[in-house]
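Residues per chain are reported as follows:
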Amino acid sequence: KKVMEPVACALSGVVSETATVAVTNRYEFCDLSHLRVLWSMTRNGDGVASGETDAPTVAPGETGTLEIPVGNYATAPGEYHLTPRFVLAAATAWA
C-alpha cells in the first residue's frame, strides 16, 4: 500500500532525445538531494530504454525540472510509457 508519495511527476514534453518531467517535492522539510531516479521507458509494453540519474534539487513544496535522456526511441510509432522511480541515493539504517 502507498502510505506517502513525497514526489509527484508530470511529463512536460519530449524534445529531440530528452524527456522533460516536472517534479514536485511534497516533503515539508527537505529537498530531493537524498534521492536518485531510476527510470524506464516502454513502447507498446516492451522495454526500450532505462537508466539512472540524480534527482533534481527541489526545495520543499516547490516544483523543478528533471531531464531524462530517452534517446531516439520516441520517433517510432507506438504507445510509450515513461516511469520514473525515486529511490534513496544511499543506504540508511531505517530503510
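Note that residues are indexed from 1 along each chain, following the sequence as it is written. Two thresholds apply to this predicted model, a pLDDT of at least 70 for residue-level local features and 80 or more for giving and counting side-chain atom pairs, whereas whole-chain, interface and lining totals are computed over all residues. Only hydrogens and water are set aside when side-chain values are computed; all heavy atoms of the structure are taken into account.

**Thoughts on unusual backbone geometry**
A positive phi angle is found at Ser-16, which is not glycine, with a value near 60°. Tracing the backbone through its elements, the reader meets Ser-16 in the loop between strand S1 (7–15) and strand S2 (18–25). The phi angle at Asn-44 is positive, at roughly 55°, despite the residue not being glycine. Here Asn-44 is to be found in the loop between strand S3 (35–43) and strand S4 (46–54). The numbering of helices and of strands both runs from the N terminus, where a helix is a DSSP run of H or I of at least 4 residues and a strand a run of E of at least 2.

**Notes on the sheet that holds strand S5 (residues 63–69)**
Within a sheet, adjacent strands bond to each other through the backbone by hydrogen bonds, running parallel or antiparallel. Across the sheet, three strands lie side by side as S1-S2-S5; this open sheet has antiparallel pairing. Pairing within the sheet leaves two strands with one partner each, and these edge strands are S1 and S5. Adjacent strand axes in the sheet meet at a mean angle of 25° when their direction is disregarded. In this structure, S2 lies alongside S5, joined through seven bridges in antiparallel fashion. By the bridge assignment, Ala-22 is partnered in S5 with Thr-65. Note: two strands are recorded as paired if DSSP finds a minimum of 2 bridges between them. Axis lines are fitted to C-alpha atoms, over the contacting stretch for helices. Their N-to-C directions set the angle, which ranges from 0 to 180 degrees.

**Notes on the side chain of Asn-25**
Tracing the backbone through its elements, the reader meets Asn-25 in strand S2. Classification of Asn-25 by relative accessible area gives buried; the value is 1%. Of the polar contacts made by the side chain of Asn-25, one reaches the backbone oxygen of Cys-30; its length is 2.9 Å. Ignoring sequence-local partners within four residues, the contact set of Asn-25 consists of Pro-6, Cys-30, Asp-31, Leu-32, Val-58, Ala-59, Pro-60, Gly-61 and Glu-62. The classification of residues rests on relative accessible area computed with a 1.4 Å probe and restricted to protein chains. Under 20% of the type maximum is buried, over 50% is exposed, and intermediate values are partly exposed. Polar contact criterion, stated in full: a pair of N or O atoms within 3.5 Å, where within protein one must be able to donate a hydrogen and the other to accept it, and residues adjacent in sequence count only if both atoms are side-chain atoms. Residues are treated as being in contact if the distance between any of their heavy atoms lies within 4.5 Å.

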